[in-house]
Amino acid sequence: MYHKEKSIQMKSSASALYNNLSVLRIAPRSLTYFTVVHANMVNMVSASWDGLNYSHRQLQSKEANVATSSSLIMQAAWCVLPSRDILVLTSQKGIQMYESDGSIMVYWHALDTPETQTAQAVFARGIAAVREKYICVGISSGSMLVFDVPIKGSNITLSEVLEEHKESITDLASECSGSLECIADMVSADDSGNLCVWKSGEDFQLLNKIPGFDMSCSSVKLWKGTVVAGYGTGQIRLYEAVTGIVHAEVNAHARWIYSLDIAPFSGLLLSAAEDSLVRVWHLTMTPETNSVEVTSQTIPGRNLTTPRTHRQTLTASLPLSPSRSCTCITSV
């Protein structure tokens, strides 16, 4: 069951980007952080759980040794590691990492830009925290950068570059169920719909490559060894991560899917798309047959047409309405 929570007013609108809403709960302080990207600005809001207090912060795209930049920001997301939380921003110029409240930038990585102008744009997109100490970021060339993050401080290092994709990375996701038994740690998606399944470590290992259908996979999640992928066709496909076997295919939306998210313990899946709907699905594992069943769930009396989020574990995104508000839903 879901109920509507108080809307949160943002400082500006949100760009029509994939996965353009990130949420971080700070339980010790009874706060929830929200971010959305608009042009070269990240709008952050911290909200108390009682809904009485709000605090706004705006971060601009930056370059090394430059105060501000006109570079467009492609994504902002919190990476939750066992030792610390990092806010990661990706743009046309590079990758910025901040302390979770956005107060201090702890790392900057510039993207390699060609000396002569080319037809292909340069940008970073796709962010995932993997296991104890890795943050992975995708870039437009199809490569993925693996950063080794220390327990504290700014001594973040680029430890590996993964080069299996030939098209621009659209999204990355790590195993969200918390199960140590899952072989696959991370999945990556690109503009041609190809998926790569990875196992993390000192050297990341490619476990499987799932071919696409020449249609962009805009959002992807990894849950209990199952890849959940959303496509520009409005379809959601579920694959067994290691073998690539298709568990299910759902005609979920009439238009392009913009975001997916999963509640790891309940198996609730949210999908948001250009058709202005947020749909709720229930994923059920059947260990005897090693399969996943998908059933549609409803939110009684609600036609969800603005960005919503399950306050505890679920995030979904759509371009914000003209009122520039972000509305929350939470289970009861």
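Scroll up to find the structure this text is about.
What this report covers is the structure whose coordinates are included nearby.

Conventions and cut-offs
By convention here, each chain's residues receive numbers from 1 onward along its written sequence. In keeping with the predicted nature of the model, local features appear solely for residues at pLDDT of at least 70, side-chain atom pairs appear and are counted solely at 80 or more, and the whole-chain, interface and lining totals rest on all residues. Only hydrogens and water are removed before side-chain values are computed, so all heavy atoms of the structure are retained for them. In plain words, nonpolar cores are sets of buried Ala, Val, Leu, Ile, Met, Phe, Trp, Tyr and Cys residues tied together by side-chain atoms within 4.5 Å. Buried, partly exposed and exposed residues are distinguished by accessible area as a fraction of the type maximum, computed with a 1.4 Å probe on protein chains only: under 20%, between the cut-offs, and over 50%, respectively. Labels follow the DSSP assignment, with helices taken as runs of H or I lasting at least four residues and strands as runs of E lasting at least two, numbered in each case from the N terminus. Here, two residues are considered to be in contact whenever any of their heavy atoms come within 4.5 Å of each other. Centre distance within 6.5 Å is the pairing criterion for rings of Phe, Tyr and Trp, where only the six-membered ring of Trp is used; planes under 30 degrees apart are then read as stacked, over 60 as edge-to-face, and the remainder as tilted. Any carboxyl oxygen of Asp or Glu within 4 Å of a side-chain nitrogen of Lys or Arg constitutes a salt bridge here. Strands are labelled as partners when DSSP assigns at least two bridges between them. Axis lines are fitted to C-alpha atoms, over the contacting stretch for helices. Their N-to-C directions set the angle, which ranges from 0 to 180 degrees.

## Regarding the nonpolar core
Thought 1: Of all hydrophobic cores here, the largest spans 20 residues; its most connected members are Val88, Ile95, Met97, Ile135, Val137, Phe147 and Ile156.
Thought 2: Mapped by element, the contributors of at least two residues to this core are β7 (73-80), β8 (85-91), β9 (94-99), β10 (105-110), β11 (124-130), β12 (134-139) and β13 (144-148).
Thought 3: Not counting the four nearest positions on each side in its chain, Val137 is found in contact with Val88, Thr90, Ile95, Ala124, Gly126, Ser143, Met144, Leu145, Phe147 and Leu172.

## A look at the environment of Cys176
Thought 1: Secondary-structure assignment places Cys176 in the loop between β15 (169-174) and β16 (186-190).
Thought 2: With a relative accessible area of 28%, Cys176 lands in the partly exposed category.
Thought 3: Sequence-wise, Cys176 and Lys221 are 45 residues apart; in three dimensions their C-alpha atoms are separated by 8.0 Å.

## Some details on the packing of aromatic side chains
Thought 1: A full pass over the atoms with the stated rule returns five aromatic pairs.
Thought 2: Ring centres of Tyr18 and Tyr258 lie 5.8 Å apart, and the angle between their planes is 85°; on these two criteria the pair is classed as edge-to-face. Linking Tyr18 in the loop between β2 (8-9) and β3 (22-26) with Tyr258 in strand β23 (residues 257-262), this pair joins segments that are 240 residues apart in sequence.
Thought 3: Owing to a relative accessible area of 16%, Tyr18 belongs among the buried residues under this scheme.

## With respect to the side chain of His109
Thought 1: With respect to the helices and strands, His109 occurs in strand β10.
Thought 2: Residue classification places His109 among the buried residues on the basis of a relative accessible area of 16%.
Thought 3: The residues contacting His109, other than those within four sequence positions of it, are Lys93, Gly94, Ile95, Leu145, Phe147 and Leu158.

## Description of the pattern of salt bridges
Thought 1: Applying the stated criterion to the full structure yields nine salt bridges.
Thought 2: One salt bridge in this structure joins Arg237 and Glu249, with 2.7 Å as the shortest N-O distance. Taken together, the residues Arg237 in strand β21 (residues 235-240) and Glu249 in strand β22 (residues 246-251) connect sequence positions twelve residues apart.
Thought 3: Under the relative-accessibility criterion, Glu249 is labelled partly exposed at 48%.
Thought 4: The network of salt bridges with common partners includes Lys133, Asp148 and Glu202.

## Things to note about the sheet that holds β11
Thought 1: With respect to topology, four strands assemble into an open sheet ordered β11-β12-β13-β14, the strand pairing being antiparallel. At either end of the open sheet lies a strand with only one pairing partner, and these are β11 and β14 (157-162). Ignoring which end each strand starts from, the neighbouring axes of this sheet average 25° apart.
Thought 2: Bridge count between β12 and β13: five bridges; the pairing is antiparallel. Looking at β13, one finds that Cys136 is bridged to Val146.

## Observations regarding the environment of Ile183
Thought 1: Considering the arrangement of structural elements, one finds Ile183 in the loop between β15 and β16.
Thought 2: Setting aside chain neighbours within four positions, we find Ile183 in contact with Lys199, Leu207 and Val242.

## Describing the pairing of β16
Thought 1: Burial of β16 is extensive: five of the five residues sit out of reach of the surface.
Thought 2: Burial of the side chains of β16 extends over both faces: Met186, Ser188 and Asp190 are buried on one face and Val187 and Ala189 on the other.
Thought 3: Bridge analysis of β15 against β16 gives five bridges, and the strand direction is antiparallel. Bridge assignment links Asp171 to a residue of β16, and that residue is Ala189.
Thought 4: In this sheet, strand β17 (residues 195-199) lies alongside β16 in antiparallel orientation, the contact comprising four bridges. Bridged to Met186 within β17 is Trp198.
Thought 5: Connecting β16 to the antiparallel partner β17 that follows it, the hairpin turn spans four residues, and Gly193 within it adopts a positive phi of roughly 90°.

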